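# Structural description and commentary
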Amino acid sequence: VAAGSVAGNWQWMADNSAAGRQALWNPDRGQPKISPPLAAPDNYFETTFSAMAGTGYHLWLRLRAQGNSTTNNSVSVQFDDAIDQFGTPLYRIGSAQGAEIVLSDPSGTLGNWGWEDNGFAGAPATLVYFSSSGQHRLRIQQRSDGAIVDQIILSPDAFLTSVPGGTKNDATIYGST
């Protein structure tokens with residue numbers, strides 16, 4: 001994530017347990033949860049990635065909740081040009097629609113870093129597709145303040161049906177691709 005692609009309350013945070021020893025953090029300021037996502041949020045960061053047209057991608061984030069609090073455990077993700085498997089616009093930047101990622105553990109408690117997708121309450125995640133191959137843009141915006149993000153995976157294969165790591169106390173770090 002380029003420095004100029006971080007807006008509002010999001011900021012870089014040094015963290016030896018994070019990928020690259022840095023994470024992006026939206027400090028807990030006691031703000032209410034934002035759901036659905038905002039079409040024009042104040043607090044977000046963006047990055048670009050490459051993807052192939054017509055391929056389903058499973059979205060995964062490694063998150064940490066400030067203070068391991070369930071009031072700090074979620075973000076919303078949007079894309080500039082994502083579609084669903086039928087070609088309908090999905091989770092678009094500039095809309096009030098997004099993939100809501102909520103860090104949770106079956107035990108009901110949070111413990112440091114954990115991997116989550118956009119599935120909810122055991123439901124399967126919605127795969128993300130693109131109508132063209134090449135560069136695409138992803139935006140992560142505030143849902144809960146206090147969320148910390150260090151890794152994003154969009155997987156068409158290795159993690160299409162399997163989890164990249166645990167939901168609690170996960171130390172898995174992947175290289176950039």
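Description of the structure in this document. All values reported here derive from a predicted model rather than from experimental measurement. (Residues numbered from 1 in each chain as written. Predicted model: local features only at pLDDT ≥ 70, side-chain atom pairs only at ≥ 80, totals over all residues. Heavy atoms only, no water.)

## With respect to the overall build of the chain
Across its full length, the chain carries zero helices and 12 strands. Each helix (α) and strand (β) of the chain, taken in turn from the N terminus, gives the series β-β-β-β-β-β-β-β-β-β-β-β. Along the first, second and third principal axes, the C-alpha atoms of the chain reach 40 × 35 × 30 Å. Here the chain holds 177 residues, and the buried ones make up 49% of them. Taking contacts inside the chain between residues at least 6 apart in sequence as the whole, the part at least 24 apart equals 75%. Approximately 8200 Å² of the chain is accessible, and the part contributed by carbon and sulfur atoms is 51%. Computing the positive centroid from 10 side-chain charges and the negative centroid from 15, the chain places the two 4 Å apart. (Helix = DSSP H or I, 4+ residues; strand = E, 2+ residues; numbered from the N terminus. Buried < 20%, exposed > 50% of the residue type's maximum accessible area, 1.4 Å probe, protein only. Contact = heavy atoms within 4.5 Å. Areas by Shrake-Rupley, 256 points an atom, 1.4 Å probe, with all protein chains shown as cover. Lys, Arg positive; Asp, Glu negative; His and termini not counted. Charge placed at Lys NZ, Arg CZ, Asp CG, Glu CD.)

## Comments concerning the pairing of strand β5 (residues 58–65)
Of all eight residues in β5, eight are buried; the element is thus mostly enclosed. The alternating pattern of β5 places His58, Trp60, Arg62 and Arg64 and Leu59, Leu61, Leu63 and Ala65 on opposite faces, both of which are buried.

## Looking at the nonpolar core
As a rule of thumb, soluble globular proteins bury nonpolar side chains together. In terms of nonpolar packing, the biggest core is built from 28 residues, with Trp10, Leu61, Val75, Val77, Phe79 and Ile140 touching the most fellow members. Mapped by element, the contributors of at least two residues to this core are β4 (44–51), β5, β6 (74–79), β8 (99–102), β11 (134–142) and β12 (147–155). The biggest single contributor to this core is β5, with four residues. Not counting residues within four places of it along the chain, the set of residues in contact with Val75 comprises Trp10, Leu61, Leu63, Ala99, Glu100, Ile101, Ile140, Gln141, Arg143, Ala147 and Val149. (Core = buried A, V, L, I, M, F, W, Y, C linked by side-chain atoms within 4.5 Å.)

## Observations concerning the environment of Met13
Positionally, Met13 belongs in strand β2 (residues 11–14). Separated by 88 residues in the primary sequence, Met13 and Ile101 have C-alpha atoms spaced 20 Å apart. When sequence neighbours within four positions are dropped, the list of residues in contact with Met13 reads Arg21, Gln22, Ala23, Trp25, Arg64 and Ile148.

On their own, these measurements won't tell you what the molecule is for.
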